[in-house]
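One letter stands for each residue in the lines below.
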Amino acid sequence: GTPLGSGTVDPVFGANFYRPSLGVQGLDAFASIRQRLSGGTNKWGYRFGNETQVSAGATYLLRDRLRLTPRFTGYRIGKDHWLGNPVPERGARFVHFEPELAWQFASQFALGAFYRVPVWMDLDGAQMVAGGTFGIATSMDLGALGSRLWSRGGPERSTPAKGER
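Throughout, a residue's number is its position along its own chain's written sequence, starting from 1. In keeping with the predicted nature of the model, local features appear solely for residues at pLDDT of at least 70, side-chain atom pairs appear and are counted solely at 80 or more, and the whole-chain, interface and lining totals rest on all residues. Water and hydrogen atoms play no part in the side-chain values, which are based on all heavy atoms of the structure.

### Focus: a nonpolar patch on the surface
To count toward a patch, a residue needs a relative accessible area above 30% and no salt bridge. Like charges then connect within 9 Å, nonpolar side chains (Val, Leu, Ile, Met, Phe, Trp, Tyr) within 5 Å. For every accessible area listed, the method is Shrake-Rupley and the probe measures 1.4 Å; residues are considered covered only by the protein chains on display. When a carboxyl oxygen of Asp or Glu lies within 4 Å of a side-chain nitrogen of Lys or Arg, that pair is called a salt bridge. A grouping of Trp103, Phe105, Phe109, Leu111, Tyr115, Phe134, Ile136, Met140 and Leu142 is seen on the molecular surface, where their side chains present a nonpolar patch of about 960 Å² in accessible area. Among the secondary structure elements, those contributing two or more residues to the nonpolar patch are strand S9 (109-123) and strand S10 (133-140). Mapped onto the elements, Phe105 comes out in the loop between strand S8 (92-104) and S9. Exposed residues in this analysis have more than 50% of their type's maximum accessible area, buried residues have under 20%, and partly exposed residues fall in between, with area computed by a 1.4 Å probe over protein chains only. By relative accessible area, Phe105 is classed as partly exposed at 42%. Segments assigned H or I by DSSP are reported as helices when at least four residues long, segments assigned E as strands when at least two residues long, and all are numbered from the N terminus.

### Comments concerning the side chain of Ser55
Looking at the secondary structure, you find Ser55 in strand S4 (residues 51-63). What makes Ser55 buried here is its relative accessible area of 7%. Whenever two N or O atoms come within 3.5 Å, that pair is a polar contact, provided that in protein one can donate a hydrogen and the other can accept it, and provided that, for residues adjacent in sequence, both atoms are side-chain atoms. There is a polar contact of 3.2 Å between the side chain of Ser55 and the side chain of Thr73. Not counting residues up to four positions away in its chain, the partners in contact with Ser55 are Phe30, Ala31, Ser32, Arg71, Phe72 and Thr73. Any two residues whose heavy atoms approach within 4.5 Å at even a single point are treated as in contact.

### Focus on the sheet that holds strand S6 (residues 81-82)
With respect to topology, 3 strands assemble into an open sheet ordered S3-S6-S7, the strand pairing being antiparallel. Two strands close off the open sheet at either side, each with one partner strand: strand S3 (46-47) and strand S7 (85-86). Two strands are counted as paired when DSSP detects at least two bridges linking them.

### Let's talk about the pattern of salt bridges
Here the structure, examined in full by the defined rule, presents 10 salt bridges. Linking Arg34 and Glu51 is a salt bridge whose minimum nitrogen-to-oxygen distance equals 3.1 Å. Remark: Glu51 occurs in strand S4 and Arg34 occurs in strand S2 (residues 27-36); sequence separation between them is 17 residues. Using a relative accessible area of 8% as the deciding quantity, one classes Glu51 as buried. For Glu98, the salt bridge identified is with Arg116, shortest N-O distance 2.8 Å. Of this pair, Glu98 sits in strand S8 while Arg116 is found in strand S9, placing the two residues 18 residues apart along the sequence. Connected via shared salt-bridge partners are Asp10, Arg34, Arg36 and Glu51.

Pasting the structure below:
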């Protein structure tokens, strides 16, 4: 995404697909697409390129609260522009493989560690690229929160709310 303090606001659009139970107990599939559009030129005359990200993978429950999530993510980052001219060392297309091991420590929260490995790259100009990146991530499952909200009066509730018959 755009670095903090760049002087623009970039709209981000996306969609997610999730398919539980792929015929094997504890194996789920997912895919997503995200598009970030440049919010314009900042006060220094710099405009960041648009970015598209596509990701697909699977989640496998290893133990009660431990899951393995291998995923492939592809990126296309458009050229940046400075004073209306393309910046030669900016812009890229690449694919990463990213296995993640996560532990669900509460009903809605998980902590994970991942290693991002470049699989394929097509870079515009000379750019510094890491051979791999280690990271730590947290996640929150809003599905449980959403189902609680729906059960208090949403259209799909199956039991009457308090005080109803």
